[in-house]
Amino acid sequence: MNKKHSQFVAFLIFKLLGIIVVLILFSILGFIIINGVRVINWEFLSKFPGEGMTTGGIFPAIVGTLYLTIGSLLFAFPLGVMSALYTQEYAGKGWIVKTIRMMTNNLASVPSIVFGLFGMSLFVNKLNFGDSLLAGSLTLGLLALPVIIRTTEEALKAVPDTYRAASLALGATKLQTISKVVLPAAMPNIITGLILSIGRVSGETAPILFTVAAYFLPHLPSGVFDQAMALPYHLYVLATSGTDIEASRPMAYGTALVLILIVLTMNLLATFIRRKLEKKRSK
Amino acid sequence: MIETRNINFYYGDFHAIKNISIAIKPNTITAFIGPSGCGKSTFLRLFNRMNDLIENTRLEGECLIDGKNIYEKSTDVDALRKRVGMVFQKPNPFPKTIFENVAYGLRVNDMGDKHFIKQRVEESLQAAALWDEVKDKLQKSAYELSGGQQQRLCIARALAVAPSVILMDEPASALDPISTSKIEELVHELKQHYTIVIVTHNMQQAARVSDNTGFFMHGELVEYSDTKKMFLNPDKESTQNYITGRFG
Amino acid sequence: MQKKKIIRRILDKTTEYLLTFSGAITGIAIVFITIFLFTEGAALFKSPEVEQGYELYVHAQNPINTLSPAETKKIFDSEITNWKDIGGKDGEIKIFRIDDAFSVYPEDELGENYALLPQKLGELIAQDENILAFLPKQYAPIGSSVKALVSHNIQPSDYFLGKEWMPTATPVPFFGVMPLVLGTLLVSIVALIIALPLGLGVAIYLSELASEKQRRLLKPVIELLAGIPSVVYGFFGLVVLVPAIQKSLHLPVGETAFTGSLLLAIMALPTIISVAEDALRNTPRAMREASLAMGATQWQTIYRVVVPYAKSGISAAVVLGIGRAIGETMAVMMVTGNAAVMPHSIFQSVRTIPATIAAELGEAPAGGPHYQALFLLGCILFVFTMIISISAEIISKKKNYKPH
């Protein structure tokens with residue numbers, strides 16, 4: 001009966017572990033949600049910060065993050081999808097593709113602060129964009145690039161080769177096959193990848209520290225060469241370097257909750273699209 | 001001695017096994033044949049409760065091995081599976097060495113010391129007619145063997161824990177003809193010491209190796225009798241059709 | 001008809017070139033990053049040891065020709081007070097800074113835009129054989145009895161093996177990265193030691209023991225937690241973990257390496273759980289069945305068959321986890337206290353490489369040695385993560401046993 005006992009003990013430990021870890025993780029979510037919900041209201045979302053960031057809202061940070069997310073994906077999404085199309089549909093299996101794939105893989109593992117360094121050196125200093133939405137968007141876009149490439153590649157791989165063969169056999173050119181058959185079939189998965197990278201990009205702090213983020217701005221950015229506030233940096237500021245950290249704590253909880261809600265929404269959206277796609281397939 | 005009494009088995013709402021009662025004598029080879037999806041594999045997997053692993057299933061009736069209902073609450077399932085060995089459709093050696101594959105059952109069941117294990121591994125490999133081919137590479141990965149050798153390794157693995165019954169679920173379906181004939185020879189040898197139940201979709205195989213044959217269709221046991229009789233002079237028309245259809 | 005065909009062909013070719021070009025750009029991006037980081041960083045070794053724009057001057061009779069950074073620091077900290085301690089003549093070292101000039105000479109004597117300052121400084125140095133003057137190059141003292149000390153460039157060994165990180169110290173800044181490298185490794189490794197067993201345990205629970213219902217509830221939440229921005233975790237650490245650790249361990253401050261490790265572990269858990277669970281579930285059903293059919297218990301099956309089978313997937317997850325932990329910036333910066341000293345204990349404040357970059361780059365003048373030193377830190381981080389990512393790739397490709 002010895003092996004039965006050890007199974008009992010082992011499973012007991014695993015169950016306890018599971019419960020403990022899940023409780024810890026849930027309590028983090030719960031902690032921020034409970035503290036944040038009290039703060040979030042229309043005023044919080046639509047007003048500028050006031051009185052040394054202890055009152056008012058986070059409107060400019062929301063707008064800044066929105067601009068940055070859109071800006072970065074405007075650049076990264078087409079480029080990422082096109083490179084994935086190249087490696088999956090056009091390039092052979094030679095060393096060039098292998099090298100490119102290896103490089104994008106490695107790009108994905110570069111820490112975000114290094115992207116920040118690079119962005120500052122190239123976009124802010126060398127190209128003289130200064131601290132600006134442009135520099136920040138490009139830096140964030142670079143960070144999102146490998147994510148988009150990888151998800152697009154997976155999406156393209158999931159399109160059965162028979163589709164391509166069928167289209168080509170009907171006399172369609174490669175471009176027609178890709179634009180009329182392959183891309184539409186892969187699109188839901190590509191969009192899922194895009195949505196998940198929105199979640200990622202909107203929460204990044206390190207890359208925007210030196211490329212765009214402003215501590216406080218009394219007005220919204222009016223052009224691509226303006227600085228902007230951003231949610232993650234705003235939370236960092238509220239948590240560590242406000243004029244009165246204790247008094248701005250509620251603002252910080254609210255900001256943290258908004259950030260979590262963005263990620264949550266993006267995850268739900270991605271799941272929703274995936275579900276819909278699966279249903280469509282099974283029909 | 002294996003005996004089932006009015007066994008019914010369901011996957012969710014699907015009635016997979018319909019009221020089957022059967023008795024299998026010790027030290028015989030019994031073959032289950034029938035078209036795919038007829039329930040023969042499901043039925044086989046009832047004998048060592050492998051179907052327990054599938055969620056949302058239900059069983060009615062009794063399955064007795066050596067006079068005890070194995071579906072009683074008090075049944076020690078691990079001990080049951082040690083007594084009732086199984087060989088699967090595709091060879092499924094563990095990603096371990098040849099030696100460790102055969103020793104696996106001995107180790108998990110705490111059977112004997114190092115010396116005993118070593119001896120037992122050799123005996124099992126010999127019984128599975130594999131010893132001469134692998135004795136110089138026992139420490140090599142099991143995946144270096146050919147498909148047929150892998151399947152014989154799996155048989156050796158099953159033999160090592162000294163079961164009284166061996167269940168074989170289409171053991172040769174993934175193998176080439178030469179490997180298949182080796183497995184068949186082996187099955188014939190093993191009959192002296194073990195009760196063997198073999199599921200196969202290959203009727204020639206059933207005719208060649210088995211003493212008794214059961215014909216399954218749509219979850220029912222249509223006919224169960226002596227193999228010679230079954231193939232030469234079946235009672236039921238559907239059996240006749242199936243056998244001739246396949247032969248013809 | 002013919003025309004349409006030609007247009008189509010042109011379109012086809014153009015697209016192909018466009019796509020090839022995009023592929024090339026993304027491939028080149030990382031090369032670009034590498035080049036930028038390393039050229040900016042390597043320039044550090046062309047910078048003098050002495051603070052940029054300044055130089056050390058002595059009397060021409062002084063036999064000392066050069067001072068090492070450590071000697072300079074000791075002199076300015078008054079740990080060395082006599083020239084003979086560093087091989088010079090007996091005489092008390094008299095430190096002279098540019099500010100001191102204004103107390104010696106009234107401002108109107110120095111002429112317009114301090115035009116006369118260099119000359120006056122020259123006179124001043126000529127008067128005192130024991131003087132050690134730390135002066136801006138633009139007011140370099142003039143006179144035959146003035147000698148500028150030879151200033152060496154910063155040496156790679158000073159940087160990579162140096163134990164002091166004082167980038168803004170005068171007259172000689174110290175760019176020793178050892179405390180930062182060790183701080184980073186300490187925080188990451190302890191984090192992994194905490195997260196690994198927990199993560200693996202939960203992964204085993206989820207993949208082997210939990211019911212389908214539990215799994216369907218927990219998996220999305222864990223994925224959500226993996227996506228939460230690190231600054232949110234940092235904020236949580238700051239308001240919950242830091243005070244909790246300070247109180248429960250009776251420490252003077254709660255911002256310690258351990259706090260950072262704990263937070264990093266919490267952050268790494270969702271990723272480790274999710275990747276390890278995938279790896280475990282990838283173990284073929286046939287393996288589990290084979291083991292159970294031998295009379296093995298479920299637990300024996302898990303640790304003898306399932307876990308070994310998923311080994312390469314799990315180790316890849318671990319290695320990637322280390323990479324993430326080493327590169328994590330915001331959360332760690334918010335809870336480790338950021339003291340750039342050699343770590344002696346995990347209950348002490350430390351500073352990691354990413355946190356250093358994030359905290360100091362804003363203040364470092366572009367193109368200066370401090371800026372370059374931070375870029376070089378970026379290079380170290382880059383090389384670390386590259387090595388880790390490549391080894392993860394090798395591990396996940398390598399299967400111990402390949403089926404036929």
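Each value, and the rule that gives it
- Residue positions are given per chain, counting from 1 as you read along its sequence in written order.
- Key to labels: chains lettered from A, ligands numbered from 1, both in the order written.
- Reporting in this predicted model follows two pLDDT cut-offs: at least 70 for local features of residues, and 80 or more for side-chain atom pairs to be given and counted; totals over whole chains, interfaces and linings ignore these cut-offs and use all residues.
- Here a strand is any run of E in DSSP of at least two residues, a helix any run of H or I of at least four, and the numbering for each starts at the N terminus.
- Note on method: radius of gyration uses C-alpha positions; expected globular size equals 2.2 Å times residues raised to 0.38.
- Using C-beta atoms placed from the backbone, we call a residue buried if 20 or more other C-beta atoms fall within 10 Å of its own, exposed if 12 or fewer do, and partly exposed for counts in between.
- We call two residues in contact when the distance between their C-beta atoms, placed using the backbone, is within 7 Å.
- Throughout this entry, Asp, Glu, Lys and Arg are counted as charged residues, while Ala, Val, Leu, Ile, Met, Phe, Trp, Tyr, Cys and Pro are counted as nonpolar. The remaining residues, Gly among them, count as polar.
- One nonpolar core equals one set of buried Ala, Val, Leu, Ile, Met, Phe, Trp, Tyr and Cys residues connected by C-beta atoms within 7 Å.
- All axes are obtained by fitting lines to C-alpha atoms, using only the stretch in contact for helices, and the reported angles, taken between N-to-C directions, cover 0 to 180 degrees.
- To sort the angles, those under 35 degrees are grouped as roughly parallel, those over 145 as roughly antiparallel, those from 65 to 115 as roughly perpendicular, and the leftovers as oblique.
- In this scheme the handedness of a crossing depends on how the near helix is turned from the far one: anticlockwise by less than a right angle means left-handed, clockwise means right-handed.
- Boundary definitions for the domains trace back to an automatic or database domain assignment.
- Here a strand pair is declared whenever DSSP counts at least two bridges between the two strands.
- Expected helix span is given by 1.5 Å per residue-to-residue step, counting one fewer step than there are residues.

Chemist: I tried to follow the overall build of chain C on my own but got confused; where do I start?
Modeler: When you go through chain C residue by residue, the secondary structure sums to 15 helices and six strands. Taken against the 2.2 N^0.38 rule, which gives 22 Å for 404 residues, the C-alpha radius of gyration of chain C at 30 Å runs more than 25% over that of a compact globule. Dimensions of chain C along its principal axes, counting C-alpha atoms only, are 95 × 80 × 40 Å. Buried residues in chain C amount to 49% of all 404 residues. Long-range pairs, those at least 24 residues apart, make up 70% of the contacts in chain C with a sequence separation of at least 6.

Chemist: Mind showing me how you'd approach the overall build of chain A here?
Modeler: Secondary structure assignment for chain A yields ten helices and two strands. Across chain A, helices and strands are ordered from the amino to the carboxyl terminus as α-α-β-β-α-α-α-α-α-α-α-α. Taken along its principal axes, the extent of the C-alpha atoms in chain A is 75 × 70 × 35 Å. Residue burial in chain A is summarised as follows: out of 283 residues, 48% are buried.

Chemist: Whenever I open this one, the interface of chain A and chain C confuses me. Can you help?
Modeler: Interfaces are often sized by the amount of accessible area the parts lose when they come together. Each partner contributes to the interface: chain A provides 70 residues, whereas chain C provides 65 residues. Looking at the side of chain A that touches chain C, the element that brings in the most residues is helix α1 (residues 2–37) of chain A, giving 17 residues. Tallied by class, the residues present in the side of chain A that touches chain C amount to 45 nonpolar, 20 polar and five charged.

Chemist: Even after reading the chapter, I still don't get the nonpolar core, so can you show me in this structure?
Modeler: Looking at soluble globular proteins, one finds that nonpolar side chains tend to be buried together. Counting residues in each nonpolar core, the largest one holds 276 residues, and the members touching the most others are Leu235(A), Ala256(A), Val232(C), Leu264(C), Leu269(C), Ala276(C) and Ala331(C). A per-element tally of this core places helix α9 (residues 257–281) of chain C first, with 16 residues. Excluding its chain neighbours within four sequence positions, the residues that come into contact with Leu269(C) are Val21(A), Leu25(A), Ala195(C), Leu198(C) and Gly199(C).

Chemist: Sorry if this is basic, but what is going on with the packing of helix α7 (residues 161–169) of chain A against helix α8 (residues 174–203) of chain A here?
Modeler: Residue and element names in this part refer to chain A. The interhelical angle for the contact between α7 and α8, taken along N-to-C directions, is 160°, at an axis separation of 10 Å. Looking at the two axes, α7 sits roughly antiparallel to α8. Handedness of the crossing formed by α7 with α8: right-handed. Note on element contacts: α8 touches α7 through Thr-177, Val-181, Val-182 and Ala-185, opposite Tyr-163, Arg-164, Ser-167 and Leu-168. Its residues assigned to classes, the contact of α7 with α8 shows five nonpolar, two polar and one charged.

Chemist: Sorry, what's going on with the domain arrangement of chain C here?
Modeler: According to the domain assignment, chain C consists of domain 1 (2–46), domain 2 (54–152) and domain 3 (178–397). Averaged C-alpha coordinates put domain 1 of chain C and domain 2 of chain C at centres separated by 54 Å.

Chemist: Got a minute to help me understand the sheet that holds strand β1 (residues 2–11) of chain B in this structure?
Modeler: Backbone hydrogen bonds are what pair the strands of a sheet, in a parallel or an antiparallel way. Residue and element names in this part refer to chain B. Spatial ordering of the open sheet is given by β2-β1-β4-β5, a layout of four strands whose pairing is antiparallel. This sheet does not close on itself; its edge strands, each paired only once, are β2 (14–24) and β5 (68–69). For strand β4 (residues 57–65) and β5, the ladder comprises two bridges, and the chain directions are antiparallel. Residue Ile-65 lies in a different strand from β5, and its bridge partner there is Lys-68.

Chemist: Whenever I open this one, unusual backbone geometry confuses me. Can you help?
Modeler: Residues apart from glycine generally show negative phi values, whereas peptide bonds are mostly found in trans. All names here are of chain B. Positive phi, close to 50°, is recorded for Asn-19, a residue that is not glycine. The topology assignment puts Asn-19 in strand β2. A count of 15 C-beta atoms within 10 Å places Asn-19 in the partly exposed class. Here Asp-66, not a glycine, exhibits a phi torsion of approximately 50°, which is positive. Considering the arrangement of structural elements, one finds Asp-66 in the loop between β4 and β5. By the C-beta count within 10 Å, which is 12 here, Asp-66 ends up exposed.

Chemist: Mind showing me how you'd approach α9(C) here?
Modeler: Spacing of three or four residues puts side chains on the same side of an α-helix, whose turn is 3.6 residues. Between the first and last C-alpha of α9(C) there are 35 Å, a value that for 25 residues agrees with the 36 Å anticipated at 1.5 Å per step. Within α9(C), 23 of the 25 residues are buried, leaving the element largely enclosed by the surrounding structure.

Chemist: How should I be thinking about the sheet that holds strand β10 (residues 220–226) of chain B in this particular structure?
Modeler: Residues and elements named next belong to chain B. Spatially, β6-β7-β8-β3-β9-β10 is the arrangement adopted by the six strands of the open sheet, whose pairing is mixed. Where the open sheet ends on each side, the last strands, each with one partner, are β6 (84–87) and β10. Recorded for the sheet is a direction-independent mean angle of 15° between the axes of neighbouring strands. As judged from the four bridges shared by strand β3 (residues 29–33) and strand β9 (residues 212–217), these two strands associate in the parallel manner. From the neighbouring strand, Phe-32 faces β9, where its bridge partner is Gly-214. Each of β6 and β7 (165–169) touches helix α6 (residues 147–160); the most contacted strand, β6, lies at about 175° to it.

Chemist: Looking at this structure, I do not really get the pairing of β6(B). What am I missing?
Modeler: It is a general feature of regular strands that their side chains alternate between the two faces of the sheet. Residues and elements named next belong to chain B. Residue alternation in β6 divides its side chains into two sets, Val-84 and Met-86 and Gly-85 and Val-87, and both sets are buried. Inspection of the sheet shows β6 paired to β7 by four bridges, in the parallel sense. Note on β7: the bridge partner recorded for Met-86 is Leu-167.

Chemist: Can you help me understand the environment of Trp165(C) in this one?
Modeler: For Trp165(C), the position within the fold is in strand β5 (residues 165–166). Leaving out residues up to four positions away in the same chain, Trp165(C) has contacts with Phe174(C), Phe175(C), Gly176(C), Val177(C), Pro179(C), Leu180(C) and Ala340(C).

Chemist: Honestly, the pairing of β1(B) in this entry has me stumped. Any pointers?
Modeler: Residues and elements named next belong to chain B. Here β1 runs beside β4; their pairing, made up of eight bridges, is antiparallel. Bridge pairing in β4 links Arg-5 to Glu-62. Here seven bridges tie β1 to β2, and the two strands are oriented antiparallel to one another. Within β2, the position partnered with Thr-4 by the bridge is Ile-22. In sequence, β1 turns back onto β2 through a hairpin of two residues, with Gly-12 there showing a positive phi of about 60°.

Chemist: When you look at the packing of helix α4 (residues 95–109) of chain A against helix α15 (residues 369–397) of chain C in this model, what are you seeing that I'm missing?
Modeler: A pair of packed helices can be characterised by two numbers: the angle between their axes and the separation between those axes. Running from amino to carboxyl end, α4(A) crosses α15(C) at an angle of 125°, the nearest separation of the two axes being 9 Å. By the angle class used here, α4(A) and α15(C) are oblique. For the crossing formed where α4(A) meets α15(C), the hand is right-handed. The segment α4(A) lies against α15(C), with Asn105(A), Asn106(A) and Ser109(A) engaging Thr385(C), Met386(C), Ser389(C) and Glu393(C). Across the contact of α4(A) with α15(C), the residue classes tally to one nonpolar, five polar and one charged.

Chemist: What's the story with the environment of Ile100(A) in this structure? I'm lost.
Modeler: By secondary structure assignment, the location of Ile100(A) is in helix α4. Distance from Ile100(A) to Met120(A), taken between C-alpha atoms, is 25 Å for residues 20 residues apart in sequence. Residue contacts for Ile100(A): discarding those within four places in its chain leaves Thr87(A), Gly23(C), Thr26(C) and Gly27(C).

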